[in-house]
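# Architecture and fold: a report
Now for the letters of each chain:
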Amino acid sequence: MRLVRKIRFWLGGLFSKGKFNMEMEAEMQLHLGLRIEKNLAAGMTADEARYAALRAFGGVDQIKERCRDVRSGRWLEALIQDLRYGFRGLCRSRGFTFTALATIGIGIGANAAIFSFVDCVLLKPPPFPDAGQIVWVSEKQPSGSRYPTATLTYLDWAKQSTVFENIAAIAPLKSVALTGIENPLELNAWPVSAHYFDVFPVRPVLGRTFVEGEDQAGHDHVAIMTNDLWRSQFGADPGVIGRSITLDGEPYTVIGVLPKGFFDRLNSQAIFLPLAFAPENLSRDFRWMGGALARMKLGVSIEQARAQMDAISKRIAHDYPESNKGWGVMIERFGAVGVDIDEGLRQSLYMLMGAVVMVLLIVCANLANLMLARGIGREREVAIRASLGAGRWRLVRQFLTESLLLSCAGGTLGLLVAYGGLAALKLAVPAGYIPPFNTVMMDGRVLLFMLGLSVLTGVIFGLVPAIRESRPDLIRAFKEAGPGASAGRSPRGLRGALVVTEVALAFVLLSGAGLLARSFFQVRRVDAGFDSTNVVTARLPISNGRFPSATEFSLYLHQIIERIGSLPGVRDSALTVALPMEAWIYDMGIRIAGSKEVDAANRPHVFLKQVTPSYFRTLGMRLSMGRLLSDRDLRGSPPVTVINESLAKRFFPNENPVGKHILAQEIPYAKAQLGREIPWEVVGVVKDEKVSMLADRNEYSGMYVSEDQSPQTQQFLVVRGAIDRKSTRLNSSHLVI
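Structure report, in brief. (Residues numbered from 1 in each chain as written. Predicted model: local features only at pLDDT ≥ 70, side-chain atom pairs only at ≥ 80, totals over all residues. Heavy atoms only, no water.)

Next up on the list: the overall build of the protein chain. What the protein chain contains, in helices and strands, is 21 helices and 24 strands. Taking contacts inside the protein chain between residues at least 6 apart in sequence as the whole, the part at least 24 apart equals 78%. With an accessible surface of roughly 37000 Å², the protein chain has 59% of that area assigned to carbon and sulfur atoms. (Helix = DSSP H or I, 4+ residues; strand = E, 2+ residues; numbered from the N terminus. Contact = heavy atoms within 4.5 Å. Areas by Shrake-Rupley, 256 points an atom, 1.4 Å probe, with all protein chains shown as cover.)

Written out as structure tokens, the structure reads:
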């Protein structure tokens, strides 16, 4: 109530100014009249009595000004006067105003566009209730790094932990074919445990989420679709709930549709399926799942969760040393700053934010210089105001008001720049590069940032000119009237310092741009280890249960290669479990035959890729020594492998690796487990292929084995055309056998 009364008091003082002036004038005349009467009574003449009363009373205008200063709402009235005066002054200097607005708009708009990405990726928490209670849980290697999770280890976590309200496993993304609709579609499928959606928690817009028991074999043919998939393929039909759809030739019942937002950004054309652990997937040594998501109970800290899970991991390592000795558990906050954010993305955002901040500093230095130059022409105006009683603070306030008016108007113009820059950046950023937690957009947080930045910009470029121009030399200002009046007082030293600052900042930006351009051209010259000219790729949607035996599956792959190879314009074709530049799939612990025995849990790890023999020829990979895989390396023949140079350098530094044997467990067909240990004979060495980015300088030790000797259902097709990519057209009919 007190605040309301104050506001009413201020507004009353602001809008009843005329009444206040009349009352103040009447009261002053009353006091002045009483003094005149007193002087007349003392024997003075009328003129003498009036002059004496005025001298004793003081300056009438100064007293009126002091009375106005203590009146409620005076500060607001003064602000409005300053704004009006500043607006008229800026309108008179149209060239200066236009230049300043354009400069400020570009500087603030660029900062707002980049800040939108920084805020979305690095600052905003995930859009879920009590998001701080959601954590990633994964296995930790003896070296201390995060690692995928084994089935039985996850089940032990779920059974023995008491700090989690819910915990859910997440299997790797897989491809499924949606048929039975007008246009068959390949979908991304996320197999997850029944409590996955309870971790967030998520309430579907239609239907329900998974319930207990639906992640058990025989009860797992239910599906939940994303909102985008529901709208694009099913026309947002509410009757989709309970409908049967066909995925990889098997019927599934749709039980729910997820809300718009996070899950659409995660993968728009996706469907969620229950993760049912088949008996052949129950192992401890084959770590294949992405990990687990868990929601900690209210009141449980992440330190308490780590302490209990560490104790559980130690018990598992004690009970199962063959597979878990030295292994632990890693718990990280879901969506926390720096967690699950690509390091390249983070560095790019920091670099871009630093660059646009430097641009804004150049803008401030430039505008401060312009304000100083403009202030030279206003010396006489400032001198007159000072001689009439305007104090230094009053002059500083007027100059700062003009600067803030200019910067806020430029900030408003910067909105257009920000929206345009944001749209351009969204088009330039690859799909899936931005984490899905939040949407990059101009929201209230960004607008508040722009407002604060506009005010700060106005203060930065307006403060120095305001302080300097608030100390006028009155005598010289009135003496030296005319166009060249202020030449002697030109702040050359200060303006020169500002110019030097601008040039220095611009030089830093130019140097950074030059280094980026140099890095770009260097990356283009990096040897990727393969030739991508006229190469196209496609993923084959193959379900685990489609081919009961490895022999049938291998026959199918041979038929695919033969059929693709017979197409016009196809020079070579191959199959692989992982495409170049998209990482390896399997990470295996190995031991060199004849070396010191090391327990399986602590063996050095290398990557494993299953390929058809034509893989190296299709991608133009270069052989360093030995031979490549051949069509004679079939199932039942001695197991052979081709290794890359990084593996040869790491394990065979001063010897020829050809003919040596690498001991590694086999991966049984269509099973998430490790089998018997196999001595793979090294028959050749090839140049390294890039696994992730071209700029990645890490050396990844890897070995290639034949699809016939270690078949896996995840398959990518690689095809090299004879002319160009457009001449090599593939569609689903080419893959139907």
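The buried fraction of strand E23 (residues 702–706) is high, at 5 of 5 residues. Burial along E23 is two-sided: the residues Gly-702, Tyr-704 and Ser-706 and Met-703 and Val-705 are all buried. The pairing of strand E20 (residues 640–644) with E23 spans 2 bridges and is antiparallel. Across the sheet, Ile-643 pairs through a bridge with Met-703, a residue of E23. (Buried < 20%, exposed > 50% of the residue type's maximum accessible area, 1.4 Å probe, protein only. Pairing = 2+ DSSP bridges.)

Counted under the stated rule, the structure contains 27 aromatic pairs. Seen from their ring centres, Phe-200 and Phe-334 are 6.0 Å apart, and the 65° between their planes marks the pair as edge-to-face. Here Phe-334 lies in the loop between strand E14 (328–333) and helix H13 (343–376) and Phe-200 lies in the loop between helix H8 (196–199) and strand E7 (206–207), a separation of 134 residues in the sequence. Residue class for Phe-200 comes out buried when judged on its relative accessible area of 0%. Phe-334 gets classed as buried once you look at its relative accessible area, which sits at 5%. A centroid spacing of 5.7 Å and a plane angle of 90° characterise the contact between Phe-263 and Phe-272, whose relative ring orientation is edge-to-face. For Phe-263, a relative accessible area of 3% gives the class buried. Put simply, the rings of Phe-128, Trp-136, Tyr-196, Phe-197, Phe-200, Phe-210, Phe-262, Phe-263, Phe-272 and Phe-334 pair up and form one aromatic cluster. Looking at Arg-284, its charged tip hangs above the ring of Tyr-320, at a distance of 3.7 Å from the centre. (Phe/Tyr/Trp six-rings, centres within 6.5 Å; stacked < 30°, edge-to-face > 60°. Lys NZ or Arg CZ within 6 Å of the ring centre and 35° of its normal.)

Below, the discussion takes up the pattern of salt bridges. Throughout the structure, instances matching the rule amount to 18 salt bridges. Of the charged contacts, one joins Arg-591 and Glu-597 as a salt bridge, the two residues approaching to 3.3 Å between their closest N and O atoms. In this structure Arg-591 comes out as buried when scored by relative accessible area, which is 13%. A network of salt bridges, in which partner residues are shared, links Arg-591, Glu-597, Arg-603 and Glu-677. (Salt bridge = Lys/Arg side-chain N within 4 Å of Asp/Glu carboxyl O.)

Of all hydrophobic cores here, the largest spans 47 residues; its most connected members are Val-137, Trp-157, Phe-164, Ile-331, Ile-590, Ile-643 and Met-703. If one sorts the elements of this core by residue count, helix H11 (residues 302–319) sits on top with 5 residues. Those residues in contact with Met-703 that sit more than four places away from it in its chain are Trp-584, Ile-590, Val-606, Phe-607, Leu-608, Lys-609, Thr-641, Val-642, Ile-643, Leu-647, Ile-662 and Trp-680. Residues Val-121, Leu-349, Leu-406 and Val-446 belong to the second largest nonpolar core, which totals 35 residues. (Core = buried A, V, L, I, M, F, W, Y, C linked by side-chain atoms within 4.5 Å.)

Taking 1.5 Å per residue, 16 residues should reach 22 Å; helix H19 (residues 550–565) reaches 23 Å between its end C-alpha atoms and fits that length. For H19, the complete set of buried residues consists of Ala-550, Phe-553, Ser-554, Tyr-556, Leu-557, Ile-560 and Ile-564. The buried residues of H19 occupy one face: seen down the axis, they fall within an arc of 155°. Residues of H19 that are exposed and point more than 90 degrees away from the buried face comprise Thr-551 and Glu-562. On its buried side, H19 packs onto strand E15 (535–540), strand E16 (570–576) and strand E24 (715–721). (Expected span 1.5 Å × (residues − 1). Arc of directions from axis to C-beta.)

Below, the discussion takes up a nonpolar patch on the surface. Together, Leu-448, Leu-451, Val-455, Val-459, Leu-463 and Ile-467 line one region of the surface with nonpolar side chains, adding up to about 480 Å² of accessible area. Relative to the assigned elements, Val-459 resides in helix H16 (residues 444–469). (Patch = residues over 30% accessible without salt bridge, like charges linked within 9 Å, V, L, I, M, F, W, Y side chains within 5 Å.)

For the rest of this paragraph, the subject is the side chain of Thr-457. Mapped onto the fold, Thr-457 is located in helix H16. Apart from residues no more than four positions distant in its own chain, Thr-457 is found in contact with Ile-108, Leu-360, Cys-364 and Ser-407.

Another aspect to go through is the environment of Leu-229. Of note, Leu-229 is situated in helix H9 (residues 227–234). Taking the C-alpha atoms as reference points, Leu-229 and Leu-258, 29 residues apart in sequence, are found 9.8 Å from one another. The residues contacting Leu-229, other than those within four sequence positions of it, are Leu-185, Leu-187, Phe-234, Ser-268, Gln-269, Ala-270 and Ile-271.

Quick look at the side chain of Ser-323 now. Here Ser-323 is to be found in helix H12 (residues 321–324). For Ser-323, the residues in contact, after removing those within four places along its chain, are Arg-284, Asp-285, Arg-287 and Ala-601.

This paragraph deals with the environment of Asn-366. Structurally, Asn-366 can be placed in helix H13. Asn-366 sits 132 residues away from Leu-498 along the chain, and the two C-alpha atoms are 7.3 Å apart.

Structurally, Ser-407 is set in helix H15 (residues 392–428). For Ser-407, a relative accessible area of 0% gives the class buried.

It is worth spelling out H11 at this point. Over its 18 residues, H11 runs 26 Å from end to end, which matches the ideal 26 Å to within 8%, given 1.5 Å per residue. Among the residues of H11, Ile-302, Ala-305, Met-309, Ile-312, Ser-313, Ile-316 and Ala-317 are the ones counted as buried. Buried positions in H11, seen along its axis, are confined to an arc of 140° and lie on one side of it. Across H11 from its buried face, at more than 90 degrees, point the exposed residues Glu-303, Lys-314 and His-318.

Moving on, we get to unusual backbone geometry. Omega for the bond connecting Phe-200 with Pro-201 falls within 30 degrees of zero, at -15°, which places this linkage in the cis form. Positive phi, normally seen in glycine, also occurs at Asp-130, with a value near 50°. Along the chain, Asp-130 turns up in the loop between helix H6 (94–123) and strand E1 (134–140). Phi is positive for Asp-248, which is not a glycine, with a value near 50°. Structurally, Asp-248 can be placed in the loop between strand E9 (244–247) and strand E10 (250–257).

Two elements in contact, helix H7 (residues 151–160) and H11, have axes whose closest approach is 11 Å; the angle formed by their N-to-C orientations is 130°. On the basis of their axis angle, the class for H7 and H11 is oblique. Regarding H7 and H11, the two cross each other, and that crossing is right-handed. Mapping the contact onto sequence places Thr-153, Asp-156, Trp-157 and Gln-160 in H7 and Gln-308, Met-309, Ile-312, Ser-313, Arg-315 and Ile-316 in H11. Taken together, the residues of the contact of H7 with H11 break down into 4 nonpolar, 4 polar and 2 charged. (Axes fitted to C-alpha atoms, helices over the stretch in contact; angles between N-to-C directions. Parallel < 35°, antiparallel > 145°, perpendicular 65-115°, else oblique. Left-handed = near helix turned anticlockwise from the far one by under 90°. Nonpolar A, V, L, I, M, F, W, Y, C, P; charged D, E, K, R; others polar.)

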